[in-house]
Amino acid sequence: MSLNPWSSDAVTDYDYVFKEFGLSKFSEKISKELDHLLFRRGIVIAHRDFQRVFDRIALKKPFINITGIASSGHYHFGHKVDLDLFIFFKKCGARNYFSISDIDAYTSRPDDKVSSLDDSKQFAVDNVADALALGLSPKDMYVQSNKETRFYEFAFELSKKITHSTFKAIYGHIDLGKVSANLLQYADIMHGQLKEYEGSMPSITGIGLDQDPHARATRDVARRLPYNLELPSFIYFRHQSGLQEGSKMSASQPNTAIFLSDSPKAASKKIMGCFTGGRETAEKQKKLGGRPEICKKYELDLFHLEDDKKLKDIHDKCKAGERLCGQCKQLTCEYVCKFLESHQKKKKKNMKKAEKVVFG
Ligand code: SF4
């Protein structure tokens, strides 16, 4: 089994991946102390070298918080998880680097997805406006195409630290667009530690398990650089799967995802039509209870409903057969629509600011 960072297939065999790629599971103690729903609910499942970042948080010392999302489409609730995690570390006192990766989006995606650099810049404006509405400020983020010269010097310098055969061994192929996108991603993760930025210090990047090849390659390159960088740390979260039975929430399959730009009506329609763990008849469900463990609506709650008590109530009433799926979905529609209405108002106010971030 290999992990493919460009695939939309969800990883299912977690134990195999832990063993094969040498990841550490999160201890209950750390999950409890971080006290965020992504940790409490087992959505963040593994790490590479998180302890050094955890120690900095405990000592109230700075660390680098770096994440990037390719601007290849509109953000959906799956992307919101990356942003929620980024905002959590921002609140822990991090130095923040949120990369809106427009060059990466264009060079690593096929033309039918992102047809020009202009396209990815237009998506970048939309993505930045979402990020601002969710609580980031312009100084927490940058757009790759608008980044200073030192960053690009560094990205080219990195190209001498990874060989053709290493690249092929990690990714399974050599595709020039993806090679250039990868160099930018390594630069995204490590440039904050250069003396022109924060200087050497621990850094944290939250990624999906399928992105682990990037993590391994980045750490390998970091060891070869002449800058005494701390090895970048990574935490891994489970991808939220699509609303239908099958793969993860994906912008390329619009009915599997709720987009932050969906109207409340469109989002409700998707929730009401999603795959659930309900039984064939109401009688059966009352007698046997539902199956939240396979229900996509419950999964949406697990990732996004902030109130632990309400989540437990949904789970327990489902298992006991005390609530049927139609009524249960209505509860989710209510909080999702409320969120979308408020988010879209904030986003609208931030559009001008977002254009300035992207085009200067
Ligand atoms: Fe899912 Fe709710 Fe139905 Fe249970 S009752 S299967 S949680 S929609």
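Cut-off values and rules
Residues numbered from 1 in each chain as written. Predicted model: local features only at pLDDT ≥ 70, side-chain atom pairs only at ≥ 80, totals over all residues. Helix = DSSP H or I, 4+ residues; strand = E, 2+ residues; numbered from the N terminus. Rg over C-alpha atoms; globule rule 2.2 N^0.38 Å. Buried ≥ 20, exposed ≤ 12 C-beta atoms within 10 Å, placed from the backbone. Domains from an automatic or database assignment. Contact = placed C-beta atoms within 7 Å. Pairing = 2+ DSSP bridges. Expected span 1.5 Å × (residues − 1). Near = placed C-beta within 6 Å. Nonpolar A, V, L, I, M, F, W, Y, C, P; charged D, E, K, R; others polar. pLDDT = per-residue confidence, 0-100. Core = buried A, V, L, I, M, F, W, Y, C linked by C-beta atoms within 7 Å.

**A look at the overall build of the protein**
Secondary structure assignment for the protein yields 17 helices and seven strands. Taken over the C-alpha trace, the protein has a radius of gyration of 21 Å; the compact-globule value for 360 residues is 21 Å, and the two agree within 12%. Reported as C-alpha extents along the three principal axes, the dimensions of the protein are approximately 65 × 45 × 40 Å. Counting only residues that meet the buried cut, the protein has 42% of its 360 residues in that class.

**Observations concerning the domain arrangement of the protein**
Assigned domains of the protein: these are domain 1 (14-242) and domain 2 (254-349). Measuring from the centre of the C-alpha atoms in domain 1 to the corresponding centre in domain 2 gives 29 Å. Each partner contributes residues to the interface: domain 1 has 16 residues there, and domain 2 has 15 residues. Elements with a minimum of two residues in the side of domain 1 that touches domain 2: α5 (77-91) and α7 (117-134).

**Overview of the pairing of strand β4 (residues 95-101)**
Looking along a regular strand, one sees the side chains alternate between the two faces of the sheet. Counting buried positions along β4 gives five out of seven residues, so the element sits mostly inside the fold. For strand β3 (residues 64-70) and β4, the ladder comprises seven bridges, and the chain directions are parallel. Each bridged residue has a counterpart across the sheet, and for Ile 69 the counterpart in β4 is Ile 100. Of the strand pairs in this sheet, β4 and strand β5 (residues 141-143) are connected by three bridges, and their pairing is parallel. Its bridge partner lying in β5, Ser 99 is registered against Tyr 142.

**Description of the environment of Thr 276**
Locating Thr 276 in the fold gives a position in the loop between α12 (264-272) and α13 (282-288). The exposure class of Thr 276 is buried, given the 23 C-beta atoms found within 10 Å. Note: C-alpha distance between Thr 276 and Arg 291 (15 residues apart in sequence) is 7.8 Å.

**So, α7**
Structural remark: α-helix, 3.6 residues per turn; residues separated by three or four positions point the same way. Its 18 residues place the ends of α7 25 Å apart at the C-alpha level, agreeing with the 26 Å of an ideal helix rising 1.5 Å per residue. Taken residue by residue, α7 has Ser 120, Lys 121, Phe 123, Ala 124, Val 125, Asn 127, Val 128, Ala 129, Asp 130, Ala 131, Leu 132 and Ala 133 as its buried positions. Just downstream of α7 lies Gly 135, where phi reads positive at about 125 degrees.

**Overview of the site of the ligand**
If you check the shell around the ligand, you find 15 residues, and the closest are Gly 290, Cys 295, Cys 318, Cys 325 and Cys 328. For the shell around the ligand, the secondary structure elements donating two or more residues are α14 (296-304), α15 (308-319) and α16 (325-349). With three residues, the top contributor of residues to the shell around the ligand is α16. Taken together, the residues of the shell around the ligand sort by class into seven nonpolar, four polar and four charged.

**Quick look at the pairing of strand β2 (residues 44-48)**
Counting buried positions along β2 gives four out of five residues, so the element sits mostly inside the fold. Two strands pair when backbone bridges link them, and strand β1 (residues 24-25) and β2 are joined in this way by two bridges, in the antiparallel orientation. Of the residues in β2, the one forming a bridge with Ser 24 is His 47. Looking at chain direction, β2 and strand β7 (residues 233-237) are connected through four bridges and run antiparallel. Its bridge partner being in β7, His 47 is matched across the sheet by Ile 235.

**Some points on unusual backbone geometry**
The residue Asp 35 is not glycine, and still its phi comes out positive at about 45 degrees. On the secondary structure map, Asp 35 appears in the loop between α2 (28-34) and α3 (37-40). In this structure, Asn 228 is a non-glycine residue whose phi angle is positive, near 55 degrees. In this fold, Asn 228 is placed in the loop between α11 (212-224) and β7. Looking at Asn 228, the number of C-beta atoms within 10 Å reads 9, which means it is exposed.

**A look at the confidence of the model for the protein**
Caution applies to low-pLDDT regions: their predicted coordinates should not be interpreted in detail. The predicted model of the protein has a mean per-residue pLDDT of 91, with 95% of residues at 70 or higher. Across residues 1-11, confidence stays below pLDDT 50; counting only partners more than four residues off in sequence or on other chains, it has 25 contacts.

**What to know about the sheet that holds β1**
Pairing within the open sheet is mixed, and its seven strands lie in the order β1-β2-β7-β6-β3-β4-β5. Looking at which strands have only one partner, the edges of the open sheet turn out to be β1 and β5. Where strand β6 (residues 203-208) and β7 come together, five bridges link them in parallel fashion. Directly across from Gly 206, in β7, lies its bridge partner Ile 235.

**Things to note about α15**
Between the first and last C-alpha of α15 there are 17 Å, a value that for 12 residues agrees with the 16 Å anticipated at 1.5 Å per step. At the C-terminal side of α15, Gly 321 shows a positive phi close to 70 degrees.

**Topic: the environment of His 343**
Its location among the elements puts His 343 in helix α16. Under the C-beta neighbour-count criterion, His 343 is labelled partly exposed, with 16 such atoms within 10 Å. Beyond its immediate stretch of four places on either side in the chain, His 343 contacts Ala 133 and Leu 260.

**Thoughts on the nonpolar core**
Ranked by size, the top nonpolar core spans 65 residues in total, and within it Val 128, Met 141, Tyr 186 and Tyr 236 carry the most contacts. Examining the composition of this core, we find that eight residues originate from one element, α7, more than from any other. Excluding residues that lie within four positions of it along the chain, Tyr 186 makes contacts with Leu 158, Ala 217, Thr 218 and Val 221. Of all hydrophobic cores here, the second largest spans 13 residues; its members include Phe 77, Leu 243, Ala 257 and Leu 260.

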